[in-house]
Amino acid sequence: MNQTDFAIFLNGSYGVGKTSTLGHVGDLLAEASMPFSLMDVDWFHRSWPPGEHDPNNTITEAANMALVWQNYRRSGPRQLVVSGVLATSQDLERYEAALDMRVRPVRLIADESVMQSRLHSRYTPEQEPALSWHLDRYRDLSLKMEQTNLDEATIDTSTAEPRDAAAHVLRHFFGQDINDRS
């Protein structure tokens, strides 16, 4: 593992704005002509039914991410930015092993009412079981993340537009607005 390389990991519970922020991080990196690749973890484990050896699809997820990252790296050096959930040190270790690099998480947080509103807007009436599943779990996941404290920074997205949250993330890692670099 090359210690100078790292992946930015947008961590957070359901409804904090990880996916929206991820898209804007990509936009800002592109505007600054900085090579990048984006990964939303959700799309690397969304498969059913899971294998008997992998009931949560975490092994499959890590293998998928490793292969995609290898493909991205063939295009040349780039900043990897991932959005997902890191709730345990084992989660962090799994991503670092899959990506063969240091993972530096920042946790996005939001007020409970904002998270609930975002979750409600995400699902159609036909997806009520998925909405209920997330509403039943987002508080516990937030608390677990707070207790585990794997993140090097916390960014409140309650009132921030996704582009502003993305700029805040990039300022954390690069020390200034990336479009102001000289």
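Our structure is the block above this text.
Worth saying up front: this structure is predicted, and the values here are computed from it rather than measured.

Another point: unusual backbone geometry. Leaving glycine out, the prevailing phi sign among residues is negative, and the prevailing peptide bond configuration is trans. Omega for the peptide link from Trp48 to Pro49 comes to -5 degrees, which places this bond in the cis form. Positionally, Pro49 belongs in the loop between helix 2 (42-45) and helix 3 (58-73). Here the phi dihedral of Ser33 falls at roughly 55 degrees; this positive angle occurs in a residue that is not glycine. Mapped onto the elements, Ser33 comes out in the loop between helix 1 (18-31) and strand 2 (36-40). For Asn57, which is not glycine, the phi torsion reads 60 degrees and is therefore positive. Relative to the assigned elements, Asn57 resides in the loop between helix 2 and helix 3.

Another aspect to go through is helix 3. The terminal C-alpha atoms of helix 3, which comprises 16 residues, lie 22 Å apart, in line with the 22 Å expected from a rise of 1.5 Å per residue. Those residues of helix 3 that fall on the buried side of the exposure criterion are Glu61, Ala62, Met65, Ala66 and Trp69. Along the axis of helix 3, the buried positions cluster into a sector of 130 degrees, meaning they face one direction only. Where helix 3 is buried, its residues meet strand 2, helix 2, strand 3 (79-84) and helix 4 (89-99).

In this section: the packing of helix 5 (residues 112-122) against helix 6 (residues 128-148). Relative to each other, helix 5 and helix 6 sit at 155 degrees, their axes nearing to 10 Å. In terms of orientation, helix 5 lies roughly antiparallel with respect to helix 6. Classified by chirality, the crossing of helix 6 by helix 5 is right-handed. Mapping the contact onto sequence places Glu112, Met115, Gln116, Leu119 and His120 in helix 5 and Leu131, His134, Leu135, Tyr138, Arg139 and Ser142 in helix 6. The residue inventory of the contact of helix 5 with helix 6, partitioned by class, reads five nonpolar, four polar and two charged.

Counted under the stated rule, the structure contains seven salt bridges. Notably, a salt bridge pairs Arg73 with Asp5, separated by 3.7 Å at the nearest N-O pair. You can see Arg73 sitting in helix 3 and its partner Asp5 sitting in the segment before strand 1 (6-11), a full 68 residues away along the chain. The partner of Arg94 in a salt bridge is Glu61, and the shortest N-O contact between them spans 3.8 Å. Of this pair, Arg94 sits in helix 4 while Glu61 sits in helix 3, placing them 33 residues apart in sequence. Linked by salt bridges that have partners in common, Glu61, Asp91 and Arg94 make up one network.

Attention now goes to the packing of helix 1 against helix 7 (residues 162-174). At a minimum axis distance of 8 Å, the contact between helix 1 and helix 7 shows a crossing angle of 65 degrees. Where helix 1 crosses over helix 7, the two elements pack in a sense that is right-handed. Residues Ser20, Thr21, His24, Val25, Asp27, Leu28, Leu29 and Glu31 of helix 1 lie in contact with helix 7, whose contacting residues are Pro162, Arg163, Ala165, Ala166, Ala167, Val169 and Leu170. Here the contact of helix 1 with helix 7 is composed, by residue class, of nine nonpolar, three polar and three charged.

Taken together, the buried positions of helix 5 are occupied by Val114, Met115 and Leu119. Buried residues in helix 5, looked at end-on, bunch into an arc of 130 degrees, giving them a common side. Turned more than 90 degrees off the buried face of helix 5, the exposed positions are Ser113 and Ser121. Check the buried side of helix 5 and you find it contacts helix 6.

About the cut-offs
Residues numbered from 1 in each chain as written. Predicted model: local features only at pLDDT ≥ 70, side-chain atom pairs only at ≥ 80, totals over all residues. Heavy atoms only, no water. Helix = DSSP H or I, 4+ residues; strand = E, 2+ residues; numbered from the N terminus. Expected span 1.5 Å × (residues − 1). Buried < 20%, exposed > 50% of the residue type's maximum accessible area, 1.4 Å probe, protein only. Arc of directions from axis to C-beta. Contact = heavy atoms within 4.5 Å. Axes fitted to C-alpha atoms, helices over the stretch in contact; angles between N-to-C directions. Parallel < 35°, antiparallel > 145°, perpendicular 65-115°, else oblique. Left-handed = near helix turned anticlockwise from the far one by under 90°. Nonpolar A, V, L, I, M, F, W, Y, C, P; charged D, E, K, R; others polar. Salt bridge = Lys/Arg side-chain N within 4 Å of Asp/Glu carboxyl O.

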